[in-house]
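# Observations on the three-dimensional arrangement
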Amino acid sequence: MAALSPAAAVPRRGGVARTDDAAAVVVRGLSAGYLSLIVLLPLAALLWTSTRGGIGAVWQTITIPTVLGALELTVGVSAIVVIINAVFGTLIAWVLVRDSFRGKSAVNALIDLPFALPTIVAGLTLLALYGPSSPVHVNVAYTRMGIALALLFVTLPFVTRAVQPVLIALDRDMEEAAAVLGAGSLAIFRRIVLPNLGPALLAGAGLSFARALGEFGAVTLIAGNNPLRGTQVMSLVIFGDIQGYQFSSAAALSFILLALSLAVLLVFGRLSRALSGHHDR
Amino acid sequence: MIARFSLRLVALGYLAVLLVLPVAWIVWSAFGGGVDAVWRSATAPYAVHALLLSVLIAVIAVIANTVFGVVTALMIVRHPFPGVSILNAFVDLPLGLSPVVVGLSLVLVYGATGWLGPWLTAHGITVIFSLPGMILATVFVTLPFVVREVVPVVREVGSEQEEASRTLGATAWQTFWRITLPSIRAGVIYGVVLTMARALGEFGTVIVVAGNIPGVTQTLTMYVEAEFQNFDPRGAYVASLELAVLAILTLVLMNVVRRKGVA
C-alpha cells in the first residue's frame, strides 16, 4: 500500500487536516533543526575545515610519513580483523544455529556483549589478561597483535548477527539432496551453504570493517601513546592532533578516515547486492 | 559427529579467549583485594562523581533522543515529504563515524575557535570542555537508535486505530497518548535501552569535548582510563565492573523486550 501523502489526506479529513498539516510542518522544522545543530552543522564544519586548502592539502597530509604509516596500519589491521571475523563469525553462527548443546541460549546472548560493553572496558579487560601483568604470560600490549585483538573484540557481533538469520531461514533440502548424492560435508558447505550466506556475510564484514577503521576506545590503552612504537592507528593520530590544537591536520585526517569508511561501506554493500542478485538468477 | 564437536569446540574456544576469560579476569582482579577494597574504590569521591555524571548525561541524551526519535519516526512513516529519504540517510550518519571524528566536528563548531565560538563566548556560554559539550557529543552518537527501532514498528502497526480514534472525536494529543504510544511501546523501549547503553559507555567522543577534570568533567569511562594511566588498576577495574554490570543489565533488558515484542 502506498503511503498517503499529506495533500491527498486534506479533503478526507476536512477541517482537522489543516491544523494537522500546520503541526506537521512545525514538527518537520523542529526535527530538521535538531538534526542540523547536532549532526549536520558539525559535519559541515569538518568538511569545510578539511578541504579548505583544497584536495592538494589533503594529499600533502596523507604523504607525511607518520600519517602514511598510520593509514597503512589502520587499513592493514582492519583487513586482517575482517578476514578473521568472516571465518569465526560464520563458524559461531553455524554452531549457534545447527548445533545444540546445553547453555546455547546463554552463548547466543553473549554475542551482543561487545555492543553493550563500553569500548574502554573492552580494551582494559584485554590488557588485564593479555598485558604486561598477564597471569597467563601473554603480553600483546603496545603491539599490532594487541590492536587486532581489541578490534576483534568490538567487531565480534557484526558477521555472526548478519549470517545467523539467513542460516536459520536456509532450507535444508538442498543440503540433504547433496548429501544423498554423495557430496562430502565440506563440498556441501562450499557449494551450497556459503553461496547462500554470501550477501549477509559481506554485509556484516563491511560493517565490521568500517567499525574497525574508526575504533578508538578499545585500542587506546592497548596501543599506548608512543608514536615510535608503530602502533598508532588513525583515530589515535587524530586524537593526538586535537589534543595539540592541530585542528586543520586533525580535520584532514578525519576526512581521509571518513572517505575510507564510506568507500568500504559502499564497496561491500555493492558486492553484497551483486552476489544476492547473481544468486537469485 | 566428531566434526560437529570440534566445530563447537573451536567456536566456544574463540569466544572464551576473546570475551569470557578477559571479562572474568577483570571481575576476579577487582575482587582480588576483598570486598572492602572494592567498596573503597567504588565510593571514592571522584568515582562516585564520575558515575553520577555519566548517568546524568545518559538520562538527558535518552530524553532528548526519545522525543526526537518518536516524532521523527512518525513523521518519516506518516507524513513523508520530498527529501525524507535524505533525512533518513542523515539520521544513520552517526553510526558510521569514528568517535574522535565526531568529537572534532563538534569542536570545530562549538569550540572557542569554532564557527559559533565567538558568538558563544560573547554570550558567556561554554560548550566545549564543559557539560553542554559532553551532552551534545552523547546526543550525537546516540541519535539514530530510537528512530531506527521505532520506524519499522510504526510502519507495522498502521494507522487504522488512530483514524478510528480520530473519527470518534479524540484530539490529536489524546490519540497520541492513548493509541499511538502504547502500540509502538516495544520499539521505543528497545531504542531507549540501546541509547542508554551507548550513552553510558561512550568514551572517544566525550573525551575529545570534555575537560577530563576529575570530579568536574570526567565521566565513568574517562575515569576508567585515568585510573589505569595513574597506576591504580583496582580503581579502573572496579569502575569497569560497574560499567560491565550496567552492560549486562542492558543485555538482559534487550532480550526481555525482544521476546515481548515478538509475542
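Below is a short write-up of the structure. (Residues numbered from 1 in each chain as written. Chains lettered and ligands numbered in written order. Predicted model: local features only at pLDDT ≥ 70, side-chain atom pairs only at ≥ 80, totals over all residues.)

A few words now on the overall build of chain B. Within chain B, the regular secondary structure consists of 14 helices and 0 strands. When the backbone C-alpha atoms are referred to their principal axes, chain B occupies close to 70 × 65 × 35 Å. Within chain B, buried positions represent 46% of all 263 residues. Once local pairs closer than 6 in sequence are excluded, the contacts in chain B between residues at least 24 apart make up 76%. (Helix = DSSP H or I, 4+ residues; strand = E, 2+ residues; numbered from the N terminus. Buried ≥ 20, exposed ≤ 12 C-beta atoms within 10 Å, placed from the backbone. Contact = placed C-beta atoms within 7 Å.)

The next point concerns the packing of helix H4 (residues 65-98) of chain A against helix H8 (residues 144-169) of chain A. All names here are of chain A. As a packed pair, H4 and H8 sit with axes 6 Å apart at the nearest point and diverge in direction by 40 degrees. What the angle tells us is that H4 and H8 run oblique. Relative to H8, the crossing made by H4 is right-handed. A breakdown of the residues in the contact of H4 with H8 according to their chemical character gives 20 nonpolar, 7 polar and 1 charged. (Axes fitted to C-alpha atoms, helices over the stretch in contact; angles between N-to-C directions. Parallel < 35°, antiparallel > 145°, perpendicular 65-115°, else oblique. Left-handed = near helix turned anticlockwise from the far one by under 90°. Nonpolar A, V, L, I, M, F, W, Y, C, P; charged D, E, K, R; others polar.)

With that settled, consider the nonpolar core. In this structure, Ala-150 and Leu-151 of chain A together with Leu-104 of chain B are the most contacted members of the largest nonpolar core, which totals 163 residues. The element contributing the most residues to this core is helix H3 (residues 45-78) of chain B, with 15 residues. Residues in contact with Leu-104 of chain B, not counting those within four places in the same chain, are Leu-46, Ile-238, Ile-242, Ala-250, Ala-251 and Ser-254 of chain A together with Val-208 of chain B. (Core = buried A, V, L, I, M, F, W, Y, C linked by C-beta atoms within 7 Å.)

With that settled, the discussion passes to the interface of chain B and chain A. Counting from both sides, the interface comprises 67 residues of chain B and, opposite them, 63 residues of chain A. With 17 residues, the top contributor of residues to the side of chain B that touches chain A is helix H1 (residues 2-30) of chain B. By residue class, the composition of the side of chain B that touches chain A is 50 nonpolar, 14 polar and 3 charged.

These results come straight from atomic positions and should not be treated as a statement about function.
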